[in-house]
Amino acid sequence: MDDAVTIIGAGIVGCSAAYFLAIAGVPVTVLDPVGIAAGASGRNNGLVEHPYDAASAPLFDQTVEIMREILGSAMPQTPVGALLLAEDELAARGLVDHYAQFPELRPVLLDPDSAREAEPLLADGMWGCLLDTGYPISPREATTAVAERARQAGARFELGGPVNLDEVRSASDQVLVAAGAWSSQLLKGLVAPNAVSPLWGVIVLVEMERGPGHAIIEGTVTRGLTTGKVENESPFTLLPSPSWLAVGSTLLPGNEPSGEEWAPRLLSRGTKFVPSIQDAHVQGTLVCARPKSFDSRPILGRVPGQDRLWLGSGHGGRGLSLGAASGKLLAEAIIAGSDAAIPAPLRADRLGAS
Ligand SMILES: Cc1cc2nc3c(=O)[nH]c(=O)nc-3n(C[C@H](O)[C@H](O)[C@H](O)COP(=O)(O)OP(=O)(O)OC[C@H]3O[C@@H](n4cnc5c(N)ncnc54)[C@H](O)[C@@H]3O)c2cc1C
């Protein structure tokens, strides 16, 4: 046996699990064919945001704490606020009523005048629902910082070579697959193909004379990412992270979309909500795959029917917001030799033995 635990995938989930295993004294190696934060964890909007799902919400609270501890002052002390946009009063009231189920979000209805006052960039006539959430961080730096902590605690990283699951399983005591949107592919024959699948996001990186004060999000987005029922394949978002200001985003299943094709559409749609986007300087596009699970919740725990094989994936559009705490839960489960402490709605046994 080479290592007690081998983790496949150096995204936020794999690096966090490695960190918590390493500080518990477990020998751990992380393998990734490309590198740290090579997948969605290095190319997302950088918003640590409430998941709008009761089963996942505790993971968000813990992730905020973990990120605060690891990132220090790079993790904002208070949320910037998620400003959900609606085109009329009825839709805005619908958002406020919907999010009232999470009292910690303190949803506030904003009529067009108050919305404009809160966010001067907005177009005329926009209604809003302001939620008390959203910590902008640099996604790549955050993932790298977690990996660095893991390394300091003794975790080894083997990056850049091919990864073969059978070989890894025969050389390791326990294996955790945290390969993001590619996790089902890696576990072919062991989990259903749609257990985790890619939901592609294109974002356009821009420079604007004046950026937003909040995370600006078209109201349909948050519900679509939570329920999995995508009502709009290119809902508007304008999200500030310390790394970049991004206009987004697509929610596309299937094959990898073209960033160049989508960029003009995203910018033109965005201009409807924030007119000054038309004057923005475009710096480039990023395309990456959200690991969307079949029921839009993270999948954490032992792969059904497999003794020494674990899965940590399926975080969809909330991996940066839930990933650190997911890694901690997985590390604790692997150390305990049981995933019974993982809440049932998130536990991998809901995949059923295949
Ligand atoms: C446009 C966009 C914006 C987003 N914005 C946010 C946001 O603001 N807030 C938020 O919380 N979340 C956001 N997300 C979601 C978030 O990025 C993901 O949920 C999260 O990064 C997933 O982390 P992960 O560790 O599971 O996977 P990944 O970060 O994708 O890591 C998987 C790793 O596995 C490796 N890998 C792939 N295939 C194999 C293989 N066959 N063998 C071995 N390794 C392999 C890859 O190289 C990669 O390094 C966004 C996603 C997108 C696409």
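Because the structure is a prediction, the values reported are computed rather than measured.

J.: Would you take a moment to explain helix α3 (residues 89–99) for this structure?
T.: Because each turn of an α-helix spans 3.6 residues, side chains separated by three or four positions end up pointing in the same direction. Taken as a whole, α3 has its buried residues at A92, L95, V96 and Y99. Burial along α3 is one-sided: seen end-on, the buried residues are contained in an arc of 95°. Along α3, the residues that are exposed and aim more than 90 degrees away from the buried face are L90 and D97.

J.: Would you take a moment to explain the pairing of strand β11 (residues 215–218) for this structure?
T.: On a regular strand, one side chain projects to one face of the sheet and the next to the other, so that they alternate. Here β11 shows a buried face lined by A215 and I217 and a second buried face lined by I216 and E218. In this sheet, β11 lies alongside strand β4 (residues 82–86) in parallel orientation, the contact comprising four bridges. Looking at the pairing, L85 lines up with E218 of β11. The pairing of β11 with strand β12 (residues 237–240) spans two bridges and is classified as antiparallel. Looking at the pairing, I216 lines up with L238 of β12.

J.: Honestly, the site of the ligand in this entry has me stumped. Any pointers?
T.: Taken together, 42 residues surround the ligand, and among them G11, G39, G180, G201 and G319 come closest. Taken together, the elements giving at least two residues each to the shell around the ligand come down to α1 (12–23), β10 (196–207), β14 (281–293) and α10 (319–336). Here the element with the most residues in the shell around the ligand is α10; it accounts for four residues. Per-class residue counts for the shell around the ligand are 19 nonpolar, 19 polar and four charged. Counting contributing residues per domain, the shell around the ligand is built from domain 1 (3–73 + 138–196 + 295–351) and domain 2 (82–134 + 197–292), each supplying no fewer than three.

J.: Can you walk me through the packing of α1 against α10 in this structure?
T.: Helix-helix packing is characterised by the crossing angle of the two axes and by the distance between the axes. Look at α1 against α10: their axes get within 7 Å of each other, and the N-to-C directions meet at 40°. Taken together, α1 and α10 sit at an angle that is classed as oblique. The way α1 lies across α10 gives a crossing that is right-handed. Contact residues: α1 offers I12, V13, S16, A17, Y19, F20 and L21, while α10 offers G319, L320, G323, A324, S326, G327, K328, L330, A331 and I334. Tallied by class, residues from the contact of α1 with α10 come to 11 nonpolar, five polar and one charged.

J.: Looking at this structure, how should I read unusual backbone geometry?
T.: Only a minority of non-glycine residues have a phi that is not negative, and only a minority of peptide bonds are not trans. A cis amide bond links G248 with the next residue in sequence, S249, at an omega value of -20°. In this fold, S249 is placed in the loop between β13 (245–248) and α9 (259–273). Positive phi values are uncommon outside glycine, yet A37 reaches one of about 60°. Summarising the element assignment, A37 is placed in the loop between β2 (28–32) and β3 (47–48). If you check the backbone angles, R106 has positive phi at about 40° while not being a glycine. Turning to its location among the elements, R106 is positioned in the loop between α3 and β5 (108–110). Residue R106 is classed as partly exposed on the basis of its 13 C-beta neighbours within 10 Å.

J.: So what exactly am I meant to see when it comes to the domain arrangement of the chain here?
T.: Size of an interface, as often reported, equals the accessible area lost when the parts are brought together. Assigned domains of the chain: these are domain 1 (3–73 + 138–196 + 295–351) and domain 2 (82–134 + 197–292). Computed over C-alpha atoms only, the centres of domain 1 and domain 2 are separated by 27 Å. Counting from both sides, the interface comprises 30 residues of domain 1 and, opposite them, 28 residues of domain 2. At the level of elements, α5 (139–152) and α7 (183–186) are the ones that each hand at least two residues to the side of domain 1 that touches domain 2. Within the side of domain 1 that touches domain 2, the residues separate by chemical class into seven nonpolar, 17 polar and six charged.

Procedures and definitions
- All residue numbers here refer to positions counted from 1 along the written sequence of the relevant chain.
- Given that this is a predicted model, residues contribute local features only at a pLDDT of at least 70 and side-chain atom pairs are listed and counted only at 80 or more, while totals for whole chains, interfaces and linings are drawn from all residues.
- In this scheme the burial state of a residue depends on its C-beta neighbours within 10 Å: 20 or more other such atoms mean buried, 12 or fewer mean exposed, and anything in between means partly exposed; the C-beta positions come from the backbone.
- Secondary structure elements follow DSSP: runs of H or I of four or more residues count as helices, runs of E of two or more count as strands, with numbering from the N terminus.
- The arc in question is traced by the directions running from the helix axis to the C-beta atoms.
- Note on pairing: DSSP must find at least two bridges between two strands before they are called paired.
- Only the C-beta atom, placed from the backbone, is used; a residue is near a molecule or strand if that atom lies within 6 Å of it.
- Note on residue categories: nonpolar means Ala, Val, Leu, Ile, Met, Phe, Trp, Tyr, Cys or Pro, charged means Asp, Glu, Lys or Arg, and polar means any other residue, Gly included.
- Each domain's limits were defined by an automated method or a database of domain assignments.
- Axis angles are defined between N-to-C directions and span 0 to 180 degrees, where every axis is a line fitted to C-alpha atoms and, for a helix, only to the segment in contact.
- By definition in this entry, angles of less than 35 degrees are roughly parallel, angles greater than 145 are roughly antiparallel, angles of 65 to 115 are roughly perpendicular, and the rest are oblique.
- Left-handed is the label given to a crossing in which the near helix is rotated counterclockwise from the far helix by less than a right angle, and right-handed is the label when the rotation is clockwise.
- Throughout, a pair of residues is in contact if the C-beta atoms placed from their backbones lie within 7 Å.

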